[in-house]
Each structure stands twice: as C-alpha cells, then as structure tokens.
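Residue-level structure breakdown
Listed below are the residues making up each chain.
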Amino acid sequence: PERQRNSYEIRQALEEMQRISDRQPFYNQVLNLQQRAMLLKRLGRTDDALQLLDDLQLKLRSAQPDEDLDEFDLALLQERLAIAYVRLDQFEQARSLHAQIETDISAASEWQQVLVEHDHLDHAVENLSYTNLFDAEQTLDKLLAKLHDSEDEVAIELNQKLLDKLTRDDFWPQPAAA
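Overview of the structure. Model, not experiment: these values are computed from the prediction. (Residues numbered from 1 in each chain as written. Predicted model: local features only at pLDDT ≥ 70, side-chain atom pairs only at ≥ 80, totals over all residues. Heavy atoms only, no water.)

A few words on the packing of aromatic side chains. In total, this model carries three aromatic pairs according to the counting rule given. Taken together, a centroid distance of 5.2 Å and an interplanar angle of 85 degrees make the contact between F171 and W172 edge-to-face. Classification of F171 as buried rests on a relative accessible area of 8%. An aromatic cluster of at least three residues, connected via ring pairs, comprises Y130, F134, F171 and W172. (Phe/Tyr/Trp six-rings, centres within 6.5 Å; stacked < 30°, edge-to-face > 60°. Buried < 20%, exposed > 50% of the residue type's maximum accessible area, 1.4 Å probe, protein only.)

Okay, structure coming up:
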C-alpha cells in the first residue's frame, strides 16, 4: 500500500528538484520554479510558494533578452509568473505584473483563460481581445457560460459590458491600407 511521505522525504525531493533545475537553461529554470511553487501550494506551504514566486519575479526583472531568451520568451515567462500568482490567490499582484508586460503575446496568452477559470470575470471582460475569439480553449464560451449561470446583477452588467465591447469598432482589427 501507498505510504504517507514524511517531511524529510518531501524536503529531500524538493532539494533534488532544485539541483536539477539549477543545471537547466534559464527559461526551463523559471518554468520549473513556477511548477515547484504550485507543488508547495498543494503541500500546504503557500507562504513558501509565494516567497519562491517573489524571488522568481526579482530574477525575471533582472533578466535581459539575449540570444537564448528573446523578448517574446521573457514576456511569456512573466505571464506564467502572473498566472502562478492568480493560482495562489494573489490577484492584485498578478494583475500588476501582467500590466508590466510590454511585448504583444496575445496569440500565445493563457491570461484570459486563467481569469475566467478563477472567476475574475470583470477583468476577463475588460481584457477580452479579438484574438480570444479564436482561442482553442474556447475561453469566450466559458466566460459566457459563467455569466449566464450566475444571473445576478453583476453578471447581467458584465454581459452587457461584453456585448458593448463586441459591438465597438475598435474591438475588431482594421484592414491594412492598400
């Protein structure tokens, strides 16, 4: 039968994960640290997970694009960090971090999906863009379903705000001039 892991075994496994991660390229190190933070959360060590993400945020701030890590990759890592903060119920910090992303990553972005998944529907409506309409995860459908299921006054307001956004000309891309 499966046995309960003791804290010594867990600590040893986390240390081994860190040693392996340290030998990885920077991009993979960051992804591994984010996964480790989510593991710490599942182990009930939310404070340690937040500290790890805070350290990671400092590391990313000092990172400069180079031949191994371009601006787009750096922006994706910043978004993944913001998503990790959302998953640790630190939405304001996540939102602030996401707002600092200067590179357009909308085509590869998971931000909208996480906003809907964690019921930040007002921000999901606010951040909705044209590219989300073609999202393979069908985030817009999930957003509409959550708004429909809620049926409270806030959901009705958000539904109207969403409809207004979709009918505005500036929501839709303009054809390139010939």
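Inspection of the entire model under this criterion finds six salt bridges. As a salt-bridge pair, D48 and R45 come within 2.8 Å of each other at their nearest N and O atoms. The partly exposed category is assigned to D48, whose relative accessible area is 36%. Its relative accessible area of 34% is what places R45 among the partly exposed residues. The shortest N-O distance in the salt bridge between E117 and R87 comes to 3.7 Å. Residue E117 is found in helix α6 (residues 111-117), and its partner R87 is found in helix α4 (residues 71-87); the two are separated by 30 residues along the sequence. (Salt bridge = Lys/Arg side-chain N within 4 Å of Asp/Glu carboxyl O. Helix = DSSP H or I, 4+ residues; strand = E, 2+ residues; numbered from the N terminus.)

In this section: helix α5 (residues 91-99). Among the residues of α5, F91, A94, L97 and H98 are the ones counted as buried. Relative to the axis of α5, the buried residues are bounded by an arc of 130 degrees and lie together on one face. Seen from the buried face of α5, the exposed residues on the opposite side, beyond 90 degrees, are E92 and A99. Those residues of α5 that are buried lie in contact with α3 (46-62), α4, α6 and α7 (121-127). (Arc of directions from axis to C-beta. Contact = heavy atoms within 4.5 Å.)

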